[in-house]
Amino acid sequence: MEVLAIRGGGATAEIEWPIWPRSSSETLKAVAGVLESGRWALSGQWRGSTSREQEFARRFAEYNEVAHCVPTANGTSALTIAFEGLGVGAGDEVLVPGLTWVASASSVLNVNAVPVLVDVDPATLCASAEAIEAAITSRTTAISVVHLYSAVTDMDAVLEVADRHGLPVVEDCAQAHGARWRGRRVGSLGRVGAFSMQQTKLLAAGEGGAATTDDPELADRLFQLRADGRSLADGPRVFDQVELSDRSSVMGSNYCMPESSAAILLAQLTTLEQENEVRDVNAVRLADALERVPGVMPIRPPSAVTDRAYYQFAVSIDRDAFAGRPLEQIRRALEAELDFPVSRSYPPLNDNPLYQPHNKRRYRLSEEHARQIDPRRFDLPEAERAFARVLILHHRVLLAGAEAMTVVSEAFSRVQRLADQIPG
Ligand SMILES: *Cc1c(COP(=O)(O)O)cnc(C)c1O
């Protein structure tokens, strides 16, 4: 008799899963070069050549087909300076999808603004343009969208709503490096793009981030906002002198990316395009195979996504086809079968243990503000439905060979067929 792995049968998978992030001799050399250079930070002394940070800024702007890029310490700080750079401040409302990583909303709190949570489109799990429009008030100052898992937000619809209301759009691209919407790179469609280069992301430095924009004045503010208000010095550089000058038009904080991270990213950026292609080919294979399993619906990027970037491979599960078992039990059975982590989707931000702004003293600007930021006041039925149905696999699964995609779909098929065996 066939027995599920979680019941002591053998796992479906005998695969050595790729690890992520991946290092290379180039990455190692790049970091060693920084250590030996005597320049470890943008805020350090000039040692005769362009900082890695500014070199990465140039290359990442080029990659994203935008005029300007400002590297940051992480994705959260990229979002924070994006909002601050757009003039968002105390009491302003910023629309944020209710299904995302907590930083999409906590970055809004960082500028004393109010994250207004909007529901998602079940087909993409990204913010729905209708929900965005319905949430706009006279206090709305920006719309923030997240290109989640492997989808891109419907930018046609969102930009149309934003233009009609005269609101800037921030694209949270932390999960979408390299994706294109109708031929245009994400991060170049809204006023600002914000990227994370935390170690799980498609482009990884350990910790890191970047903000992108075509607007030169905004780019100048973003530069200062992340460098304690400092700018790059005008005129010739002087050896051993600090390259940043105290010329300032806006007060900032220190959210600078270290030279070592910039060096890692310069090396990693050379493989991103090819890795995205491998992931895409495997993702299509996997989605095609999974679609034949009863009760399993892969969430495919919309057809307007002309270059796809898979941060997570997401599938929607119909429990009825799995003997009615709770999603958590199905998840555990799959994990045992694959010997690979299978995760739930994010809990909606109106009921997420990581998102408790109303309990944080720092944000208690007034009783009224505390009420405004309380996430429990928002209704997010589609985000809740997604949390009850969606399972995700990290993109490194898509860097395995083609045969591994067959194994993954077999694991889903086995758990579905033998769902009666799943322990309660
Ligand atoms: C990872 C992530 C962030 C935050 O990036 P950090 O580098 O961890 O600060 C923001 N938004 C989304 C959607 C993310 O996935």
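Residues numbered from 1 in each chain as written. Predicted model: local features only at pLDDT ≥ 70, side-chain atom pairs only at ≥ 80, totals over all residues. Heavy atoms only, no water.

> Would you explain the side chain of Ser-106 in this entry?
When you line up the elements, Ser-106 lands in helix α4 (residues 103-109). Those residues within four positions of Ser-106 in sequence are excluded, and the remaining contacts are Tyr-355 and Tyr-363. (Helix = DSSP H or I, 4+ residues; strand = E, 2+ residues; numbered from the N terminus. Contact = heavy atoms within 4.5 Å.)

> Explanation requested: the pattern of salt bridges in the structure shown.
When charged atoms on two side chains of opposite charge get close, those side chains can pair. Summed over all chains, the structure comprises 33 salt bridges. Between Glu-291 and Arg-300 there is a salt bridge, with the nearest N and O atoms lying 2.9 Å from each other. A salt bridge links Glu-335 to Arg-331; its shortest N-O distance comes to 3.1 Å. One end of the pair is Glu-335 and the other is Arg-331, both in helix α9 (residues 327-338) and four residues apart, which spans about a single turn. (Salt bridge = Lys/Arg side-chain N within 4 Å of Asp/Glu carboxyl O.)

> Explain the pairing of strand β8 (residues 192-196) to me, please; I cannot follow it from the model alone.
The buried fraction of β8 amounts to five of the five residues, a majority that puts the element mostly inside the structure. On β8, burial covers both faces: Val-192, Ala-194 and Ser-196 on one face and Gly-193 and Phe-195 on the other are all buried. As paired strands, strand β5 (residues 169-172) and β8 are joined by three bridges and run parallel to one another. Each residue of the ladder has a partner; that of Val-170, found in β8, is Val-192. Alignment of β8 against strand β9 (residues 209-213), held across four bridges, turns out to be antiparallel. Looking across to β9, one finds that Ser-196 is bridged to Gly-209. (Buried < 20%, exposed > 50% of the residue type's maximum accessible area, 1.4 Å probe, protein only. Pairing = 2+ DSSP bridges.)

> How do you make sense of the nonpolar core when you look at a structure like this?
Among the nonpolar cores identified, the biggest contains 95 residues, and Phe-56, Phe-60, Ile-132, Ile-143 and Met-197 are the most heavily contacted of them. Ranked by residues supplied to this core, first place goes to helix α8 (residues 259-290) with six residues. By size, the runner-up hydrophobic cluster in this structure holds 36 residues, among which are Leu-4, Phe-313, Phe-322 and Phe-340. (Core = buried A, V, L, I, M, F, W, Y, C linked by side-chain atoms within 4.5 Å.)

> What exactly am I supposed to notice about the packing of aromatic side chains here?
We describe a pair of aromatic rings using the distance from one ring centre to the other and the angle between the two ring planes. In total, this model carries seven aromatic pairs according to the counting rule given. Seen in terms of ring centroids, Tyr-149 and Tyr-346 are 5.7 Å apart; in terms of plane orientation they differ by 25°. Their pairing is stacked. Here Tyr-149 is found in the loop between β4 (140-146) and α6 (155-165), whereas its partner Tyr-346 is found in the loop between β15 (343-344) and α10 (367-373), with 197 residues between them in sequence. Tyr-346 carries the same exposure label as Tyr-149, and that label is buried. (Phe/Tyr/Trp six-rings, centres within 6.5 Å; stacked < 30°, edge-to-face > 60°.)

> Sorry if this is basic, but what is going on with helix α12 (residues 402-417) here?
Residues spaced three or four apart along an α-helix point in a common direction, a consequence of the helix completing one turn every 3.6 residues. Compared with the 22 Å implied by 1.5 Å per residue over 16 residues, the 23 Å span of α12 between its first and last C-alpha is a close match. What α12 keeps buried is the set Ala-404, Met-405, Val-407, Val-408, Ser-409, Ala-411, Phe-412, Arg-414, Val-415 and Gln-416. Taken together, the buried residues of α12 touch α8, β12 (296-298), β14 (312-317), α9 and β16 (390-394). (Expected span 1.5 Å × (residues − 1).)

> Explanation requested: the site of the ligand in the structure shown.
Surveying the vicinity of the ligand reveals 16 residues, the closest of which are Gly-75, Thr-76, Gln-175, Ser-196 and Lys-201. Interatomic distance of 2.8 Å between a backbone N/O atom of Gly-75 and an oxygen atom of the ligand. Thr-76 has a polar side-chain atom sitting 2.5 Å from an oxygen atom of the ligand. Calculation on the ligand without its partners gives an accessible area of 380 Å², and the protein chains cover 93% of this total. For the ligand, the cavity whose grid points lie within 2 Å of the majority of its atoms is the largest pocket. Looking at the shell around the ligand, the elements that each hand over two or more residues are α3 (75-85) and α4. Here the element with the most residues in the shell around the ligand is α3; it accounts for three residues. Among the residues forming the shell around the ligand, the class breakdown is five nonpolar, nine polar and two charged. (Near = heavy atom within 4 Å. Polar contact = N/O pair within 3.5 Å; in protein donor to acceptor, adjacent residues only side chain to side chain. Areas by Shrake-Rupley, 256 points an atom, 1.4 Å probe, with all protein chains shown as cover. 1 Å grid on protein atoms, 1.4 Å probe; cavity = no way out; pocket = protein on both sides within 12 Å on 5 of 7 lines; lining within 4 Å. Sits in = over half its atoms within 2 Å of the grid points. Nonpolar A, V, L, I, M, F, W, Y, C, P; charged D, E, K, R; others polar.)

> Which parts of the structure should I look at to understand the environment of Asp-280?
Following the sequence through the fold, Asp-280 ends up in helix α8. Put simply, Asp-280 and Leu-203 are 77 residues apart on the chain and 15 Å apart in space, counted from C-alpha to C-alpha. Not counting chain neighbours up to four residues away, the residues in contact with Asp-280 comprise Arg-308 and Tyr-310. A distance of 2.7 Å separates the side chain of Asp-280 from the side chain of Arg-308, its partner in a polar contact.

Honestly, that's just the spatial picture; any functional story needs more than this.
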